Amino acid sequence: MYGHACLDVVPAACAAALQVPGIEDWFAELLRMVPQALADVEQDQAVRLLGQFGVVVHTVGNGLEIRM
């Protein structure tokens, strides 16, 4: 299962993303929370949550503003 294998790289990917200059505080906080949030749930739910996080990353990456 591809999604389950992706869970293994989440902590390193989030840590690397935190090194991007100019990252907004709210997004940095989200990146810090994601690895533990995924670890705290069942694997299938973690895969779904990772997909939802991917939508946020895609949206931010395309320059759309999100205010929380």
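Residues numbered from 1 in each chain as written. Predicted model: local features only at pLDDT ≥ 70, side-chain atom pairs only at ≥ 80, totals over all residues. Heavy atoms only, no water.

Caption draft 1: Expanded view of helix α4 (residues 43-61). Counted at 1.5 Å a residue, the expected span for α4 with its 19 residues is 27 Å, and the 26 Å between its end C-alpha atoms agrees. What α4 keeps buried is the set A46, F53 and T59. Taken down its axis, α4 places every buried residue within 135° of arc, on the same side. Exposed side of α4, more than 90 degrees from the buried face: R48, V55, H58 and G61 are the residues found there. Along its buried surface, α4 packs onto α3 (25-39). (Helix = DSSP H or I, 4+ residues; strand = E, 2+ residues; numbered from the N terminus. Expected span 1.5 Å × (residues − 1). Buried < 20%, exposed > 50% of the residue type's maximum accessible area, 1.4 Å probe, protein only. Arc of directions from axis to C-beta. Contact = heavy atoms within 4.5 Å.)

Caption draft 2: Main features of the packing of aromatic side chains. All chains considered together, the criterion is met by two aromatic pairs. Seen in terms of ring centroids, W26 and F27 are 5.5 Å apart; in terms of plane orientation they differ by 70°. Their pairing is edge-to-face. The buried category is assigned to F27, whose relative accessible area is 11%. Plain terms: the ring middles of F27 and F53 are 6.4 Å apart, the flat faces sit at 15° to each other, and that makes the pair stacked. You can see F27 sitting in helix α3 and its partner F53 sitting in helix α4, a full 26 residues away along the chain. Here the aromatic residues W26, F27 and F53 are joined through ring pairs into a cluster of three or more. (Phe/Tyr/Trp six-rings, centres within 6.5 Å; stacked < 30°, edge-to-face > 60°.)

Caption draft 3: Structural detail: the packing of helix α2 (residues 10-17) against α3. Packing of α2 against α3 brings their axes to within 9 Å, and their N-to-C directions diverge by 175°. Classified by the angle between their axes, α2 and α3 sit roughly antiparallel to one another. On α3, the residues touching V10, P11, C14 and A17 of α2 are L31, V34, P35 and L38. Looking at the contact of α2 with α3 residue by residue, the class counts come to eight nonpolar, no polar and no charged. (Axes fitted to C-alpha atoms, helices over the stretch in contact; angles between N-to-C directions. Parallel < 35°, antiparallel > 145°, perpendicular 65-115°, else oblique. Nonpolar A, V, L, I, M, F, W, Y, C, P; charged D, E, K, R; others polar.)

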